[in-house]
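The residues making up each chain are set out below.
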Amino acid sequence: MGITRGEARKILHDSGLRVTAPRLAVLRVLADSEGPLSWGDVLARLGDTDWNPATVFRNLVKLRDAGVATVAARAEGIDRYALAHPKGDAHRHPHFVCEDCGRVACLPVELTASLSVDEPWVQSVENASVEMRGHCPDCLEQEVGS
Ligand SMILES: [Zn+2]
Ligand SMILES: [Zn+2]
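These notes cover the structure that comes with them. (Residues numbered from 1 in each chain as written. Chains lettered and ligands numbered in written order. Predicted model: local features only at pLDDT ≥ 70, side-chain atom pairs only at ≥ 80, totals over all residues. Heavy atoms only, no water.)

### Notes on the coordination of the zinc ion (ligand 1)
Keep this limit in mind: Metal-coordinating donors are taken as N, O and S atoms lying within 2.8 Å of the metal, or within 3.2 Å when the metal is Na, K or Ca; because water is left out, some sites can appear incomplete. Key to geometry: four donors with every angle between 85 and 135 degrees are tetrahedral; four donors are square planar and six octahedral where opposite donors lie over 155 degrees apart and all remaining angles lie between 65 and 115; all other sites are irregular. The helix and strand labels rest on DSSP assignments: H or I over at least four residues marks a helix, E over at least two residues marks a strand, and numbering proceeds from the N terminus.
On the protein side, the zinc ion (ligand 1) has Cys98 (SG), Cys101 (SG), Cys136 (SG) and Cys139 (SG) as donor atoms, found 2.3 Å from it. Geometry at the zinc ion (ligand 1) is tetrahedral, judged from the four donor atoms that bind it and their angles of 108 to 114° at the metal. Along the chain, the residues that donate to the zinc ion (ligand 1) are spaced as C-x2-C-x34-C-x2-C. Separated by 41 residues along the polypeptide, Cys98 in strand β4 (residues 95-98) and Cys139 in helix α7 (residues 137-145) bring together distant segments of the chain.

Here it is in C-alpha coordinates:
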(Lines give C-alpha, C1' and ligand atoms only; values in the text may rest on other atoms or scores of the structure.)
(Ligands and ions follow the chains in the order given, each with its own letter.)
Protein backbone atom coordinates (compact mmCIF):
# COMPACT_ATOMS: atom_id res chain seq x y z
CA MET A 1 0.00 0.00 0.00
CA GLY A 2 2.44 2.72 1.11
CA ILE A 3 1.67 6.13 2.55
CA THR A 4 2.82 9.64 1.78
CA ARG A 5 4.99 11.73 4.06
CA GLY A 6 1.93 13.78 4.92
CA GLU A 7 -0.08 10.73 5.88
CA ALA A 8 2.79 9.42 7.99
CA ARG A 9 2.98 12.76 9.77
CA LYS A 10 -0.72 12.70 10.48
CA ILE A 11 -0.58 9.17 11.90
CA LEU A 12 2.22 10.20 14.27
CA HIS A 13 0.41 13.35 15.22
CA ASP A 14 -2.90 11.57 15.85
CA SER A 15 -1.10 9.07 18.06
CA GLY A 16 0.46 11.78 20.16
CA LEU A 17 3.97 11.05 18.91
CA ARG A 18 6.56 13.63 18.08
CA VAL A 19 7.34 13.78 14.38
CA THR A 20 11.03 13.06 13.83
CA ALA A 21 12.83 12.14 10.62
CA PRO A 22 13.75 8.57 11.65
CA ARG A 23 10.27 7.95 13.03
CA LEU A 24 8.67 9.07 9.77
CA ALA A 25 11.03 6.90 7.78
CA VAL A 26 10.44 3.80 9.93
CA LEU A 27 6.70 4.30 9.70
CA ARG A 28 6.84 4.57 5.93
CA VAL A 29 8.99 1.45 5.62
CA LEU A 30 6.38 -0.48 7.59
CA ALA A 31 3.58 0.95 5.45
CA ASP A 32 5.37 -0.04 2.26
CA SER A 33 5.98 -3.60 3.31
CA GLU A 34 3.80 -6.48 2.25
CA GLY A 35 4.67 -8.46 5.37
CA PRO A 36 5.93 -7.95 8.93
CA LEU A 37 9.53 -6.72 9.25
CA SER A 38 12.19 -7.36 11.85
CA TRP A 39 14.47 -4.60 13.09
CA GLY A 40 17.14 -5.84 10.69
CA ASP A 41 14.69 -5.81 7.78
CA VAL A 42 13.76 -2.22 8.57
CA LEU A 43 17.43 -1.21 8.71
CA ALA A 44 18.07 -2.88 5.38
CA ARG A 45 15.14 -1.09 3.77
CA LEU A 46 16.14 2.27 5.17
CA GLY A 47 19.42 1.85 3.33
CA ASP A 48 22.19 4.37 3.91
CA THR A 49 21.26 6.73 6.72
CA ASP A 50 23.15 8.52 9.45
CA TRP A 51 20.82 7.06 12.03
CA ASN A 52 22.13 4.78 14.68
CA PRO A 53 20.56 1.28 14.50
CA ALA A 54 19.58 1.74 18.15
CA THR A 55 17.61 4.84 17.18
CA VAL A 56 15.70 2.84 14.61
CA PHE A 57 15.01 0.16 17.18
CA ARG A 58 13.76 2.68 19.75
CA ASN A 59 11.42 4.12 17.16
CA LEU A 60 9.99 0.71 16.36
CA VAL A 61 9.29 0.15 20.03
CA LYS A 62 7.84 3.63 20.35
CA LEU A 63 5.50 3.04 17.42
CA ARG A 64 4.44 -0.24 18.97
CA ASP A 65 3.82 1.32 22.38
CA ALA A 66 1.68 3.98 20.75
CA GLY A 67 -0.37 1.37 18.94
CA VAL A 68 0.77 2.53 15.50
CA ALA A 69 2.68 -0.67 14.90
CA THR A 70 2.09 -4.14 16.18
CA VAL A 71 4.31 -7.17 16.63
CA ALA A 72 2.69 -9.38 14.04
CA ALA A 73 5.01 -12.37 14.29
CA ARG A 74 7.67 -13.68 16.62
CA ALA A 75 9.38 -16.38 14.64
CA GLU A 76 12.77 -17.48 16.00
CA GLY A 77 12.31 -15.12 18.92
CA ILE A 78 12.62 -12.10 16.64
CA ASP A 79 9.87 -9.52 16.85
CA ARG A 80 8.52 -8.56 13.47
CA TYR A 81 6.62 -5.33 13.21
CA ALA A 82 3.78 -4.27 10.99
CA LEU A 83 1.62 -1.22 10.70
CA ALA A 84 -1.53 -1.42 12.81
CA HIS A 85 -2.81 1.99 11.90
CA PRO A 86 -4.93 3.38 10.29
CA LYS A 87 -6.56 0.27 8.89
CA GLY A 88 -6.71 -1.45 12.25
CA ASP A 89 -5.47 -4.65 10.69
CA ALA A 90 -3.47 -6.16 13.49
CA HIS A 91 -2.33 -9.01 11.27
CA ARG A 92 -4.73 -11.48 12.83
CA HIS A 93 -4.14 -13.90 10.02
CA PRO A 94 -1.70 -16.74 9.65
CA HIS A 95 1.91 -16.00 8.80
CA PHE A 96 4.29 -18.13 6.86
CA VAL A 97 7.85 -18.40 8.10
CA CYS A 98 10.45 -19.50 5.58
CA GLU A 99 13.08 -21.72 7.14
CA ASP A 100 15.59 -20.86 4.41
CA CYS A 101 15.56 -17.09 4.06
CA GLY A 102 13.76 -16.23 7.28
CA ARG A 103 11.15 -14.16 5.54
CA VAL A 104 7.77 -13.83 7.24
CA ALA A 105 4.85 -13.42 4.87
CA CYS A 106 1.18 -12.73 5.42
CA LEU A 107 -1.02 -15.55 4.22
CA PRO A 108 -4.46 -15.06 2.68
CA VAL A 109 -7.12 -14.84 5.34
CA GLU A 110 -9.16 -17.40 3.39
CA LEU A 111 -6.81 -20.03 4.73
CA THR A 112 -8.31 -19.79 8.18
CA ALA A 113 -11.62 -18.12 7.44
CA SER A 114 -13.03 -21.50 6.59
CA LEU A 115 -12.51 -22.69 10.15
CA SER A 116 -15.91 -22.64 11.71
CA VAL A 117 -15.56 -22.01 15.37
CA ASP A 118 -18.20 -21.91 18.04
CA GLU A 119 -18.11 -20.46 21.51
CA PRO A 120 -16.14 -20.58 23.70
CA TRP A 121 -13.24 -20.66 21.21
CA VAL A 122 -14.15 -17.73 18.97
CA GLN A 123 -12.17 -15.14 20.90
CA SER A 124 -9.23 -17.45 21.34
CA VAL A 125 -8.95 -18.23 17.67
CA GLU A 126 -9.25 -14.56 16.72
CA ASN A 127 -6.35 -13.74 18.97
CA ALA A 128 -4.22 -16.72 18.08
CA SER A 129 -0.95 -16.19 16.34
CA VAL A 130 -0.76 -18.81 13.68
CA GLU A 131 2.54 -19.62 12.07
CA MET A 132 3.17 -21.99 9.24
CA ARG A 133 6.72 -23.02 8.50
CA GLY A 134 8.46 -24.31 5.43
CA HIS A 135 10.14 -23.05 2.29
CA CYS A 136 8.77 -19.92 0.65
CA PRO A 137 8.01 -19.87 -3.10
CA ASP A 138 11.20 -17.89 -3.88
CA CYS A 139 13.41 -20.38 -2.07
CA LEU A 140 11.64 -23.33 -3.67
CA GLU A 141 12.26 -21.81 -7.08
CA GLN A 142 15.96 -21.32 -6.32
CA GLU A 143 16.28 -24.94 -5.27
CA VAL A 144 14.81 -26.09 -8.55
CA GLY A 145 17.08 -23.72 -10.48
CA SER A 146 20.33 -24.81 -8.87
ZN1 LIG B 1 12.51 -18.24 1.61
ZN1 LIG C 1 0.36 -10.28 8.39
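So that's the structure; there's more coming.
### A few points about the environment of Arg58
By the secondary structure assignment, Arg58 is in helix α4 (residues 53-65). Placed 19 residues apart in sequence, Arg58 and Trp39 show a C-alpha to C-alpha distance of 9.9 Å.

### Side note on the sheet that holds β4
Applicable threshold: Two strands pair under a simple rule: DSSP has to find at least two bridges between them. All axes are obtained by fitting lines to C-alpha atoms, using only the stretch in contact for helices, and the reported angles, taken between N-to-C directions, cover 0 to 180 degrees.
The sheet built from three strands is open, its strands ordered β5-β4-β6 with mixed pairing. A strand with exactly one partner marks an edge of an open sheet, and here the two such strands are β5 (104-106) and β6 (131-134). Averaged over all neighbouring strand pairs, the angle between strand axes comes to 25°, with direction disregarded. Here β4 runs beside β5; their pairing, made up of three bridges, is antiparallel. Residue pairing in the sheet places His95 in a bridge with Cys106 of β5.

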